[in-house]
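Understanding the architecture of this molecule
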Amino acid sequence: MSRLISRRGLIAAGSAAAGSLLLSGCDQVSDAPGLRWVLDFGQLASLRVQRLILSGQPLVREFTVDDISPEFPPNGTEMPNGFGYFELMISQFANWRLKVDGLVRHPLTLSLDEIKQMPARTQITQHNCDEGWTAIGQWTGVPLSHLLQAAELTPDARFIVFHCLDEMVRLPDRRGFYYESLDLFDASHPQTILAYGMNGKALPVAHGAPLRLRVERHVGYKHAKYVTRIEAVDRLDRIGRGKGGFWEDRGYQWYAGL
Amino acid sequence: MAVSEQTSAPEAQDASPNREIIYRHTVVVRATHWINALCLTLLLMSGLGILNYHPALYWGNYGYQGVPSFMSVVSMRDPESGEPVGVTRIAGWSFVTTGVLGVSYDSEQRAVGRAFPSWLTLPSVPSLALARDWHFAMAWLLVANGAIYLLFGVFNGHFRRDLTPAADQLRPRHILADIWDHLRLRPPRGEAARRYNVLQKFTYIAVVFVLLPVMLLSGLTMSPAVTAAVPVLFDLFGGRQSARTIHFLVANLLVLFVLVHIVEVFLSGVVNGMRSMITGRYVIRKVGR
């Protein structure tokens, strides 16, 4: 019996040493550029398979007023820097305009009142942060598809880019502003709206006033706040650092359906 | 016939008359076993890396900082000494877990506030983007690997032959005896080691057909794109945050399974066990040697 224990002890010590070797190697694993293809393959698989199961464009589950969570944590920018936004805010966005341009036949410049005159959709949905928390809120806004139809996309338009008023990092070339992008599959979904109302009131500043994107089949960072310009483009590599969004430029997944 | 694989006559006779070598694990079982081991390890570590960004678990449809949590890990300062303290709260109970959970130490012994220590997460430095990338890539590998294993298990007969308890194993006396053997840390020997023991079969069935499918489905319930296509997942788990909590609890059960599994491998002979899972060959020792 004692022989067994000592042998077991020896093996345990050996495997502990092997384990620590394995663990110290894990960073080399996660940082190795040679393994990037594994992660890219995973992203591609998620995009392709989720697009397949969503090909009928089903709506996400909508909840009732009773389901709205008592609070809704604002994430990212809660108050954009700079006097420009402050001025817009104190004038209740009277001078704010939304531009719709890029690969469109009829570029638009719209005031908040003009947007509120458009067909509206109200939906109570879950907001899922990629960090793991969930809140439920009610959103009122104009379907993105309505704006895009009014502006009339040209046939070569493939992505819709949302330029925002909040500057995340001060960069000399002014490329530190938040931005996001969708392809036409998500842009045309009925629940993809530009919201100006939240929980029955005007959209609060902390949640992106006067206008924010709701793209309900994606996690939180796709839901651009403080949207000021919607640009239709054929490719994303000429905008920002070329990955399709502020967080995407910093390593996050462009496709954020999971 | 495939049926003869596990219980076949000695494939290669050893010189010693009280040793017999059987072919225990087919190449598909061995390959999927090790891919599975790799996936589960990296899924656990990247999962904890994700959980570090919001180390609190809730029940129901919503949950965020401020909502009462079922379990949470927090980093705080001792009001008297000012020292960092890690606290783990589970269903109303609080435990000081400084050193592992809440507060852990970096390579220079400086206290760092984080729920799970860097040696348990992938990547070890905080990166939600990379942790998510690894988690989802390994989930796809796990699913592909699991699909191969399931197809093989059904069509080759592995499930029927090796995992389904035999009639004699299902007798209450046999099950009680097997429980007693496990409690005394006595692995089956001789002829009894030819097949999986009954608790082992129950455990493998539970892991393969209950725990791993629940992991997969609760993980999918956290994807807003998947729940758009399959909203019934919300009803199955009682909400997205419940699914997240269940995902974590079942991950704990899988860790417990792996720990017990490794202990059993050591108890029943680590060299023989490892060899059988690498080469397929397993030595049966005749009882009463």
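Residues numbered from 1 in each chain as written. Chains lettered and ligands numbered in written order. Predicted model: local features only at pLDDT ≥ 70, side-chain atom pairs only at ≥ 80, totals over all residues.

1. Looking at the overall build of chain A
Check the secondary structure of chain A and you find seven helices and ten strands. The buried share among the 258 residues of chain A stands at 37%. A sequence separation of at least 24 residues applies to 67% of the contacts in chain A between residues at least 6 apart. (Helix = DSSP H or I, 4+ residues; strand = E, 2+ residues; numbered from the N terminus. Buried ≥ 20, exposed ≤ 12 C-beta atoms within 10 Å, placed from the backbone. Contact = placed C-beta atoms within 7 Å.)

2. Quick look at the sheet that holds strand β10 (residues 227-233) of chain A
Residues and elements named next belong to chain A. A sheet is described by the order of its strands in space; here five strands give the open sequence β2-β1-β10-β5-β6, paired in mixed fashion. The two strands at the open ends of the sheet, each matched to only one other strand, are β2 (108-111) and β6 (177-183). On average, each strand axis in the sheet is inclined to that of its neighbour by 15°, with strand direction left out of account. Looking at chain direction, strand β1 (residues 97-102) and β2 are connected through four bridges and run antiparallel. Residue pairing for β2: arginine 97 is matched across the bridge by serine 111. (Pairing = 2+ DSSP bridges. Axes fitted to C-alpha atoms, helices over the stretch in contact; angles between N-to-C directions.)

3. Points about the domain arrangement of chain B
Often, the extent of an interface is quoted as the loss of accessible area on bringing the components together. All names here are of chain B. One can read the domain layout of chain B as domain 1 (4-26 + 156-285) and domain 2 (57-120). Taken together, the eight residues of domain 1 in the interface contact eight residues of domain 2. Looking at side-chain class alone, the side of domain 1 that touches domain 2 contains one nonpolar, five polar and two charged residues. (Domains from an automatic or database assignment. Nonpolar A, V, L, I, M, F, W, Y, C, P; charged D, E, K, R; others polar.)

4. A closer look at the nonpolar core
Membership of the largest hydrophobic core comes to 46 residues, with the highest contact counts inside it found for Leu147, Phe162, Cys164, Leu194 and Val227 of chain A. Among the elements that make up this core, the one with the highest residue count is strand β5 (residues 159-167) of chain A (six residues). The next biggest cluster of nonpolar side chains, apart from the first, holds 28 residues, and it includes Ile50, Phe136, Ala225 and Ala228 of chain B. (Core = buried A, V, L, I, M, F, W, Y, C linked by C-beta atoms within 7 Å.)

5. With respect to the sheet that holds strand β2 (residues 56-57) of chain B
Residue and element names in this part refer to chain B. If you walk across this open sheet you meet the four strands as β2-β3-β4-β5, and the pairing is antiparallel. The open sheet is flanked by β2 and β5 (93-96), the only strands paired with a single partner. Across two bridges, β2 lies against strand β3 (residues 71-77) in antiparallel orientation. Counterpart to leucine 57 in the pairing with β3 is methionine 71.

6. Digging into the interface of chain A and chain B
Opposite the 41 residues of chain A that make contact, chain B presents 38 residues. For the side of chain A that touches chain B, the secondary-structure elements that each account for two or more residues are α1 (2-24), α2 (26-31), α3 (36-53), β3 (121-128) and β4 (134-143) of chain A. Among the elements that take part in the side of chain A that touches chain B, α3 of chain A stands out by supplying eight residues, more than any other. For the side of chain A that touches chain B, the per-class residue count stands at 18 nonpolar, 13 polar and ten charged.

7. A word on the packing of helix α2 (residues 27-51) of chain B against helix α9 (residues 240-267) of chain B
Residue and element names in this part refer to chain B. Interhelical geometry of α2 versus α9 gives an angle of 145° and a closest axis separation of 12 Å. Remark: the crossing between α2 and α9 carries left-handed chirality. Touching Leu40, Leu44, Gly47 and Leu51 of α2 are Phe248, Ala251, Leu254, Val255 and Val258, all from α9. (Left-handed = near helix turned anticlockwise from the far one by under 90°.)

8. Here's the deal with unusual backbone geometry
In this model, alanine 209 of chain A is joined to proline 210 of chain A through a cis peptide bond whose omega is 5°. Within the fold, proline 210 of chain A resides in the loop between β8 (201-202) and β9 (212-214). Looking along the chain, the bond that leaves leucine 122 of chain B and enters proline 123 of chain B is cis, with omega of -5°. As for its placement among the helices and strands, proline 123 of chain B is situated in the loop between β7 (111-114) and α3 (128-155). Phi is positive for asparagine 199 of chain A, which is not a glycine, with a value near 50°. Tracing the sequence through the fold places asparagine 199 of chain A in the loop between β7 (193-198) and β8. For asparagine 199 of chain A, a count of 17 C-beta atoms within 10 Å corresponds to the partly exposed category.

9. Topic: the environment of tyrosine 64 of chain B
Relative to the helices and strands, tyrosine 64 of chain B resides in the loop between β2 and β3. A count of 23 C-beta atoms within 10 Å places tyrosine 64 of chain B in the buried class. Between the alpha carbons of tyrosine 64 of chain B and threonine 227 of chain B there is a distance of 20 Å; along the sequence they are 163 residues apart. The contacts of tyrosine 64 of chain B, once residues within four sequence positions are left out, are Pro73, Trp133, Thr134 and Ala135 of chain A.

10. Digging into the pairing of β7 of chain A
Residues and elements named next belong to chain A. Within β7, five of the six residues are buried, which leaves it mostly tucked inside the rest of the structure. Bridge count for β4 against β7 is five bridges, and the pairing is antiparallel. Considered in β7, the bridge of tryptophan 139 is made with methionine 198. Across two bridges, the pairing between β7 and β8 is antiparallel.

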